[in-house]
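Close look at the chain arrangement
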Amino acid sequence: MMLGTVQSGFGYWNVYAWIVFFALAAVLVFYFRSAGRSDYKVGTYQDEIFYGGNPVPKDGDEIAVPASSAYWGFTEALSPFYKLLLSLHTGIASDYVGYLVVTTALISALIVL
Amino acid sequence: MNWQIHLPALLIAVPLLGAFAAPAFANRRLRDVWFTVMIAATTVIAFLLWRRVGTEGIVVYVMGGENWRLTLPSGMKLPIRIIMEVDAFSAFMALSGSIVSFAGAIFSLRFLDRTTGGEKFVALYFLLTAGMLGMETTGDLFNFFVFLEIASVASYGLIAFWRNTPEAIEASFKYMLLSTIAALMVLIGVGILYGRYGALNMAAIAKSMRLGLPEKVALALFVAALAMKCGAVPLHMWVPDAYSQAPAGISCFLVSVSQASLYGLFRISFSVYGRALDTPAVAWIIIVFGILSMFIAVVMAVIQKEVKRLMAYHAVSQTGYMLLGVGVGLLALTHPQAMSEYGFTAMQGGIFHIINHAMYKGLLFLTAGSIFYASGTLDLNRLGGLARNMPYTTVMFVVSAAAIAGLPPVNGFVSKLLVYESSFAVHPILTVMALVTSILTLASFVKVFQSAFLGPARARFSEVREVPRSMLVGMTVLLVAILWLSFMPTWSLSKLVGPAAQALVDQAGYIEAIMRSGL
């Protein structure tokens, strides 16, 4: 068996090939980074973030996108599905016991019948 | 006499000693030393036991007998004593669980400095370790129930450890309520089999197993109860509450403890019932549990705004891969051609995912604990820019998030690849669901990375610093394990996963190890 090669029965995969790939990518990244200019003047406008021409807020909170806004389109598109899922996650212990009882009954029926 | 013959007993005795002596260590420094030494000893014992099983095959240990190997004394037809039976699957689970237990304990040392009652924490932690390891190494159904209860009771205390927060008490109560019902179901199942066969030993029952109505009812009770304990959808509701409210070291360890229930489900399905199962219903139930767990939980994870709660849903989702992989293996169990074509690969994928998940999800929970320790919040809407202040934690998070998302070359990819390709042979929709789950997993961890670690610096976190060294050491243990599993996939499959999958398939070998030991 070749070192690092995983045979799945349907194909194979080699971890070291990927590591070589990442190493080459890293070399390219560092090369491009080193090609950048380092003679900018620290502490001047050259060193500032461009924020649409406006003054950059001091606290990051004012320019950050909150996590609750992430994947808004995805959750909005699936809102009926999410409504159903959230209605099942009631947080009420007796509901959870009910799910356990119903699932057990269903499993029993499937196995016994 | 070679002391290593007592490894199965020591695996339980050492953490039990750790638990019962812990209340005597009121001094914090002594308590920390005791905690570290005893949990390290347990891990070393688990490693030695795994190595012994690898070289000698199934290890059988009879407690209280005149001979540690004599399972059938004085012409008895059935084994009666407390018997531990450690095959490659048991040893694999014990090794995986004890590594996570060690990492969680080291991480928890500095956490305990911020609270009182640390010795109670240590005692419960050791009890949880003993319960988990006992479940994974016992050869007896009733003892399995006893260890399940030991682990459960310790879990109730640890989940509610921040007892001044009502959410923690509520989470513990919900888990206790569901666990008690599940434990009763397991006990009734054990009682049914004892009534039918007059035996509690798994191998002895398996040898006589004839699938009638009582056996089917018992199996249904086992499957439902253990699926609840391992957090399979739709019985997963306790998981987000419990994992998010427990201290981070406990959340990390609870992943492995839940896997002990998964172990029980697989052990009973393969080793106790195994080839007596004349219906594919059980395999399909496990596969459907897997698909539901993967998809529903990851969809729920995407919308979470609290780091540990999001990770808890992912713990459920990742359990789905294990259920799918091993479920496909169970489906192929009585069909040799299907087993050789895709069943065994699926089992290898599912079992490899067990150890992969234990390591990267454990590390993810520890990084969440580090974020909370340093910043005082886990709210993704408030977090941000922490990569500047916590570079080591950031690296740990990136590696473990890549692993859980199944990004090559990290370990999660290999196990998922095996599950994808083998489940495709059963039905393409299984693979599609698994792939979609993986994409959504990546999406939700990109969200956590972006929200907590990237972005502009927040003024309120200007004083935040990297967590203490012992917490980094705890995380590093799991990081090293992830890197080892990632960069040594052939070794992992041939030495760790392959023998474990083979042991699970080899029901005759499991039975013979007990039934021949009396000769």
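Each value, and the rule that gives it
Residues numbered from 1 in each chain as written. Chains lettered and ligands numbered in written order. Predicted model: local features only at pLDDT ≥ 70, side-chain atom pairs only at ≥ 80, totals over all residues. Heavy atoms only, no water. Helix = DSSP H or I, 4+ residues; strand = E, 2+ residues; numbered from the N terminus. Rg over C-alpha atoms; globule rule 2.2 N^0.38 Å. Buried < 20%, exposed > 50% of the residue type's maximum accessible area, 1.4 Å probe, protein only. Lys, Arg positive; Asp, Glu negative; His and termini not counted. Charge placed at Lys NZ, Arg CZ, Asp CG, Glu CD. Contact = heavy atoms within 4.5 Å. Areas by Shrake-Rupley, 256 points an atom, 1.4 Å probe, with all protein chains shown as cover. Core = buried A, V, L, I, M, F, W, Y, C linked by side-chain atoms within 4.5 Å. Patch = residues over 30% accessible without salt bridge, like charges linked within 9 Å, V, L, I, M, F, W, Y side chains within 5 Å. Salt bridge = Lys/Arg side-chain N within 4 Å of Asp/Glu carboxyl O. Phe/Tyr/Trp six-rings, centres within 6.5 Å; stacked < 30°, edge-to-face > 60°. Buried area = accessible area lost by both parts, 1.4 Å probe. Polar contact = N/O pair within 3.5 Å; in protein donor to acceptor, adjacent residues only side chain to side chain. Axes fitted to C-alpha atoms, helices over the stretch in contact; angles between N-to-C directions. Parallel < 35°, antiparallel > 145°, perpendicular 65-115°, else oblique. Left-handed = near helix turned anticlockwise from the far one by under 90°. Nonpolar A, V, L, I, M, F, W, Y, C, P; charged D, E, K, R; others polar.

Another point: the overall build of chain A. Each helix and strand in chain A was counted, giving four helices and two strands. If you list the helices and strands of chain A from N to C, you get β-β-α-α-α-α. Radius of gyration (C-alpha) of chain A: 28 Å, far over the 13 Å computed for a compact globule of 113 residues. Considering only C-alpha atoms, chain A reaches an extent of 80 × 55 × 25 Å along its principal axes. A buried classification covers 19% of the 113 residues belonging to chain A. Each charge class in chain A can be summarised by its mean position, and for the 5 positive and 8 negative side chains these summaries are 11 Å apart.

Turning to the overall build of chain B, a few remarks are in order. A count of helical and extended segments in chain B gives 19 helices and two strands. Here the C-alpha atoms of chain B give a radius of gyration of 22 Å, agreeing with the 24 Å that 2.2 N^0.38 yields for 519 residues. Every one of the 519 residues in chain B was classed for burial, and the buried ones make up 68%. Taking as baseline every contact in chain B between residues at least 6 positions apart, the subset at least 24 positions apart corresponds to 81%. Counting every atom, chain B has about 16,300 Å² of accessible surface; 66% of that belongs to carbon and sulfur. Of note, chain B has its 34 positive side-chain charges centred 5 Å away from the centre of its 23 negative side-chain charges.

What follows covers the nonpolar core. Grouped burial of nonpolar side chains is what soluble globular proteins tend to show. Residue and element names in this part refer to chain B. Counting residues in hydrophobic clusters, the biggest one holds 232 residues, and the most contacted among them are Phe89, Phe92, Tyr243, Phe266 and Tyr273. For this core, the element with the highest residue contribution is helix α13 (residues 336-375), accounting for 20 residues. For Tyr273, the residues in contact, after removing those within four places along its chain, are Leu193, Met209, Leu211, Glu215, Ala218, Leu219, Phe222, Ile268 and Gln507.

On to a nonpolar patch on the surface, then. Residue and element names in this part refer to chain B. On the surface, Phe142, Val146, Leu184 and Leu187 cluster together into a nonpolar patch covering about 300 Å² of accessible area. Broken down by secondary-structure element, the contributors of at least two residues to the nonpolar patch are α5 (141-159) and α6 (166-197). Position of Leu184 among the secondary structure elements: in helix α6.

Moving on: the packing of aromatic side chains. Residue and element names in this part refer to chain B. One pass over the structure, following the stated rule, counts 33 aromatic pairs over all chains. Ring geometry for Phe111 versus Trp162: centroids 6.2 Å apart, planes at 35°, classification tilted. Of the two residues, Phe111 is situated in helix α3 (residues 88-112) and Trp162 in the loop between α5 and α6; the sequence distance between them amounts to 51 residues. When its relative accessible area of 9% is taken as the criterion, Phe111 is described as buried. Take Trp162: its relative accessible area is 23%, and that puts it in the partly exposed class.

All right, on to the interface of chain A and chain B then. Each partner contributes residues to the interface: chain A has 47 residues there, and chain B has 66 residues. Taken together, both faces of the contact between chain A and chain B bury some 4,500 Å²; the carbon and sulfur share is 78%. Summed over the shared surface of chain A and chain B, the result is two salt bridges. One salt bridge in this structure joins B:Arg458 and A:Asp61, with 2.9 Å as the shortest N-O distance. Elements supplying a minimum of two residues to the side of chain A that touches chain B: β1 (5-7), α1 (15-34), α2 (72-77), α3 (79-88) and α4 (93-112) of chain A.

As a further point, take unusual backbone geometry. Phi is mostly negative for residues that are not glycine, and the peptide bonds are mostly trans. Looking along the chain, the bond that leaves B:Val233 and enters B:Pro234 is cis, with omega of 10°. Structurally, the position occupied by B:Pro234 is in the loop between α8 (213-229) and α9 (238-245). Geometrically, the link from B:Pro408 to B:Pro409 is a cis peptide bond, its omega value of 10° lying close to zero. With respect to the secondary-structure elements, B:Pro409 resides in the loop between α14 (391-404) and α15 (411-426). Phi is positive for A:Tyr71, close to 55°, though the residue is something other than glycine. Here A:Tyr71 lies in the loop between α1 and α2. Note on A:Tyr71: relative accessible area 28%, which makes it partly exposed.

Let's shift gears to the side chain of B:Ser400. All names here are of chain B. Structurally, Ser400 is set in helix α14. Classification of Ser400 by relative accessible area gives buried; the value is 0%. A distance of 3.2 Å separates a polar side-chain atom of Ser400 from the backbone oxygen of Phe397. Not counting residues up to four positions away in its chain, the partners in contact with Ser400 are Tyr360, Leu363, Leu364 and Ile482.

Looking now at the packing of α9(B) against helix α12 (residues 307-331) of chain B. Residue and element names in this part refer to chain B. For the pair α9 and α12, the least separation of the axes is 8 Å and the interaxial angle reads 130°. Taken as axis vectors, α9 and α12 run oblique relative to one another. α12 is crossed by α9, and the crossing has right-handed handedness. Note on element contacts: α12 touches α9 through Lys308, Arg309, Ala312, Tyr313, Ala315 and Val316, opposite Val239, Pro240, Asp241, Tyr243 and Ser244. Residue composition of the contact of α9 with α12, grouped by class: seven nonpolar, one polar and three charged.

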